[in-house]
Amino acid sequence: MFKIARAEILAPDIKRFVIEAPRIARKRQAGQFVILRVHDHGERIPLTIADGDPEAGTITLIVQGIGKTTKLLNMLGAGDAVLDLVGPLGKPSDVRLFGTVVVIGGGVGTAIAYPTAKAFKLAGNHVVGVVGGRNRDLVILEEEMRAITDELFITTDDGSYGQKGLVIDPLKHMIAEGRKIDEILAIGPVRMMQAVAEVTRPHHIHTVVSLNSLMVDGTGMCGGCRIVTTSGPRFACVDGPEFDAHSVDYENLVQRNRMYVQREAQELREFMEHPTECVEHVREGCHLEHQHPEVRGATTEAKSQ
Amino acid sequence: MTTQGGANKLSPKERMKVPRQAMPEQDPELRRHNFEEVNQGLTVLGATTEAIRCLDCAKPNCMKGCPVNVNIREFVRLVTEGDYLAAASKIREDNVLPAITGRVCPQETQCEGCCVLGNKHDPLAVGYLERFVADYEREHGKVGLPPIAPPTGKKVAIVGSGPAGLSAAGDLARWGHAVTVFEALHEIGGVLIYGIPEFRLPKEIVRQEVDTLRAMGINFETNVVIGKTVTIDELMNEEGYDAVLVATGAGLPKFLDVPGEHLPGVYSANEFLTRVNLMRANDPTYDEPIYDCKGKDVAVIGGGNTAMDAVRTAARLGARNAFLVYRRSKAEMPARVEEVHHAEQEGVQFLMLTNPTAFVPNEQGSLCAMRCVKMELGEPDASGRRSPVVIPGSEYDLPVHVAIVALGTSANPLVQSTTPDLQTNRKGYIQANPETLRTSKKGVFAAGDIVTGAATVILAMAAGRKAASGIQEYFDSGTWDGA
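Residues numbered from 1 in each chain as written. Chains lettered and ligands numbered in written order. Predicted model: local features only at pLDDT ≥ 70, side-chain atom pairs only at ≥ 80, totals over all residues. Heavy atoms only, no water.

> Which residues make up the overall build of chain A, and what are the values?
Along chain A, the regular secondary structure elements total 10 helices and 16 strands. Whereas a compact globule of 305 residues would reach a radius of gyration of roughly 19 Å, chain A reaches 20 Å, a difference of no more than 12%. Dimensions of chain A along its principal axes, counting C-alpha atoms only, are 75 × 35 × 35 Å. For chain A, the proportion of its 305 residues judged to be buried stands at 56%. Within chain A, contacts between residues separated by at least 24 positions form 66% of all contacts whose residues are at least 6 apart in sequence. For chain A, the exposed surface amounts to about 13,000 Å²; the carbon and sulfur share of it is 52%. A gap of 2 Å separates the mean positions of the 34 positive and 40 negative side-chain charges of chain A. (Helix = DSSP H or I, 4+ residues; strand = E, 2+ residues; numbered from the N terminus. Rg over C-alpha atoms; globule rule 2.2 N^0.38 Å. Buried < 20%, exposed > 50% of the residue type's maximum accessible area, 1.4 Å probe, protein only. Contact = heavy atoms within 4.5 Å. Areas by Shrake-Rupley, 256 points an atom, 1.4 Å probe, with all protein chains shown as cover. Lys, Arg positive; Asp, Glu negative; His and termini not counted. Charge placed at Lys NZ, Arg CZ, Asp CG, Glu CD.)

Structure follows, in structure tokens:
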């Protein structure tokens, strides 16, 4: 059991969790992720670690409620717990002194890009941040990003905040101005990352994306997360999650990520019909797990007799 | 001198006349729609009748055929005496997972393959009897714990909770060491949980065998990936472990490397089976998704036990056609005869001498067919099997919605890559001394598939026991003069 120490809402259906996981907190580096299972009938989902505090023994996850599991997770709060949490998985971001680095976060992708942006800054880079969202509500971590970047651009699709447009617009502008860019990290929806890759490809600017393919174990065992790259198939869990943006077959990624779209929609519908029941189930599970193993053993025994 | 039990006063000739007892099975028509166990287990009468067939050889060949040297003669004798609990305890002296090995061991090439009865008659059904006594013990709630030596003060970490790790843990705990088993997944058992389907090995049985080990004082930690969550060096230098056994298995799936292999709808057998076995995707009350196989055409590529498990799972998920596609002929299939037979009974269609060359997408980009060529058998290759050769012009498309690649596995580099002084071979498997199972790194041992490449549950268990002895010998001698 991994206890939720704190939880707060950042934006509609986007929540920040601080979770007690001392071993992971000690080891995690920017760019790595965890796999989490909320309850005993739950699925395993990968989530990139947004931050960590080795002294406090906690990690931070920022979750957008999209499917059943993330919506259920977002109904939990401080004092609740998730059943399983494993990590840190994947390779850490390649953080070095590059010179000028542009870090682009779209929607909840900003949460994933933030720790690496911070690490880029600490490594002495000139960090340019671009934070975008569909609308004002979906621009997250603006203050945090402002604190660790040298320049920050905000964009919204609808113009409700910052400049109207896409995250690639400030990037295109910088390139047009002839500014020297040494490294780009783009994290967000697949189509956004693909768009960034297409902008930088003709200019040969090294660009990195963090890919969110479907996963089960996260250790290289199932191969479900495979990404088609120009140098052959790679596993996002152990070879990634970050990849050279110009090597990725995005169409294949989009198709693979849509594999269970019908089932996921059905599960979400069923969940939304009785969400509190599911939360109760999770809390009950926490309660049982908190009991001393011997007490738990005795109760099971009593039941079977 | 051995004593014959009261129930077994028959002469050898009379005993040889008793026919081998058949394993009661769930009806194929029924079972292809459920995940309940196929083999139902012998009855008390069936087991005692079978046990009577044992010739009680002075030099039992069967025991030589057993990788962990279970005292087969003695446990079978105890069955003839009706003392099933004592029979189970006798097995447990050498095998901590009898309910599991009784189900999944390839007895036909081991104990039963060596049984002298097999020369003229059917061999003694050692596997059925092992399963019977282990089930009897469990169902009567009388699983006896072996005697545990007083604490030695030594701490051992075991990386991986599959058969190698569990059997090593059992021996080390009996000898009084403090044992912690680390598992990356959320459930203990490794391949026994994620790989072998419920209909062959009910997970409840694995859980109960693990509970027995827990009762012996073994500590289990799930959700820990050694090499990521904590490294081997940290275990030894910071967490005070005196020895570490790496038993991580051969977990990396192999693919065919043909066009279209990464289309939605193409799975590795590892993924397909893990979604069902570990994550219960077949049960609508669980959230993990799997491609809906109901009414669909599913092809599994491969000829081993994992391929059989995958294709039989696909049939149970409601596949309209469950194809087993193998590039050689049935005679060359590495799968157990029993599994092939069960698959046939369940309506699996065997497409032999067939090899996929590409996976074909439909307009939406999902898998809709598998391009295949027909093969014929040519000259024997290095493995002694006749190698398949493509028949020119034989290409055709087999319509399928789901394809599962079951071509075996290779070494998972996670532990090795974070433990630089752990030497591996060309293929990435850990190098270990075949006798002591010592690796190139002081205090670190390795056993099972991560050393040998993919093998069987029982061979991994045998390796685990050997590693336990190797660790004991290291503790006794206190020296480490190279691997």
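Let us keep going from here.
> Give me the packing of aromatic side chains: which residues, what numbers.
Residues and elements named next belong to chain B. Counted under the stated rule, the structure contains 12 aromatic pairs over all chains. Taking 6.2 Å as the distance between ring centres and 75° as the angle between the ring planes, the aromatic pair formed by Phe182 and Tyr241 counts as edge-to-face. Of this pair, Phe182 sits in strand 2 (residues 178-182) while Tyr241 sits in the loop between helix 14 (232-237) and strand 4 (243-246); the two residues are 59 residues apart in sequence, bridging distant segments of the chain. For the pair Phe182 and Tyr241, one class covers both residues: buried. An angle of 85° between the planes, with centres 5.3 Å apart, marks the rings of Phe445 and Trp480 as edge-to-face. With Phe445 in strand 16 (residues 444-446) and Trp480 in the segment after helix 20 (457-477), the pair connects residues that are 35 residues apart, well separated along the chain. (Phe/Tyr/Trp six-rings, centres within 6.5 Å; stacked < 30°, edge-to-face > 60°.)

> Run through the side chain of Asp309 of chain B, naming residues and quoting values.
When you line up the elements, Asp309 of chain B lands in helix 16 (residues 305-316). Within the structure, Asp309 of chain B has its side chain in polar contact with the side chain of Arg200 of chain B (distance 2.8 Å). (Polar contact = N/O pair within 3.5 Å; in protein donor to acceptor, adjacent residues only side chain to side chain.)

> Give a description of the side chain of Arg312 of chain B that names residues and reports values.
Residues and elements named next belong to chain B. Relative to the assigned elements, Arg312 resides in helix 16. Take Arg312: its relative accessible area is 0%, and that puts it in the buried class. If we ignore the near neighbours within four places in the chain, the residues touching Arg312 are Val38, Phe199, Arg200, Glu339, His342, Ala343 and Glu346.

> Tell me about the pattern of salt bridges, residues and numbers included.
On inspection of all chains with the given rule, the structure shows 60 salt bridges over all chains. The salt bridge partner of Glu8 of chain A is Arg16 of chain A, with a shortest N-O separation of 3.0 Å. Note that Glu344 of chain B is salt-bridged to Lys330 of chain B, the shortest N-O span being 2.3 Å. Highlighted residues: Glu344 of chain B in helix 17 (residues 337-345) and Lys330 of chain B in the loop between strand 8 (321-325) and helix 17, separated in sequence by 14 residues. Among the charged side chains, a salt-bridge network with shared partners connects Glu25, Arg31, Arg200, Asp309, Arg312, Arg316, Glu339 and Glu346 of chain B. (Salt bridge = Lys/Arg side-chain N within 4 Å of Asp/Glu carboxyl O.)

> Break down unusual backbone geometry for me, citing the residues and quoting the values.
Note that the residue after Gly87 of chain A, namely Pro88 of chain A, is joined by a cis bond; omega there is -5°. With respect to the helices and strands, Pro88 of chain A occurs in strand 7 (residues 84-89). Residue Pro241 of chain A follows Gly240 of chain A across a cis peptide bond; omega there is 10°. As for its position among the elements, Pro241 of chain A is in the loop between strand 15 (232-235) and strand 16 (242-244). Of note in this structure, Asn69 of chain B is not a glycine but carries a positive phi near 55°. Along the chain, Asn69 of chain B turns up in the loop between helix 4 (61-65) and helix 5 (72-80). Residue classification places Asn69 of chain B among the partly exposed residues on the basis of a relative accessible area of 46%. With a phi close to 60°, Leu437 of chain B is a non-glycine residue in the positive phi region. By the element assignment, Leu437 of chain B lies in the loop between helix 18 (414-417) and strand 16. Since its relative accessible area comes to 7%, Leu437 of chain B is described here as buried.

> Help me get a handle on the interface of chain B and chain A, residues and values and all.
How big an interface is tends to be expressed through the accessible area that disappears when the partners come together. With 45 residues of chain B at the interface, the matching set in chain A holds 44 residues. Taking both sides of the interface into account, the surface hidden between chain B and chain A amounts to around 3,800 Å²; carbon and sulfur atoms contribute 51%. Its largest share of buried area at the contact with chain A, chain B owes to Lys228, His262 and Asp287 of chain B, together 21% of the area lost on that side. Connecting chain B to chain A are six salt bridges. Glu234 of chain B is the salt-bridge partner of Lys27 of chain A, the closest N and O atoms lying 2.9 Å from each other. Here chain B and chain A share 25 residue pairs in polar contact (both at pLDDT 80 or more) between them. For the side of chain B that touches chain A, the secondary-structure elements that each account for two or more residues are strand 5 (252-253), strand 6 (266-268) and helix 15 (269-277) of chain B. For the side of chain B that touches chain A, the leading source of residues is helix 15 of chain B, giving four residues. (Buried area = accessible area lost by both parts, 1.4 Å probe.)

Nothing here speaks to function; it is geometry throughout.
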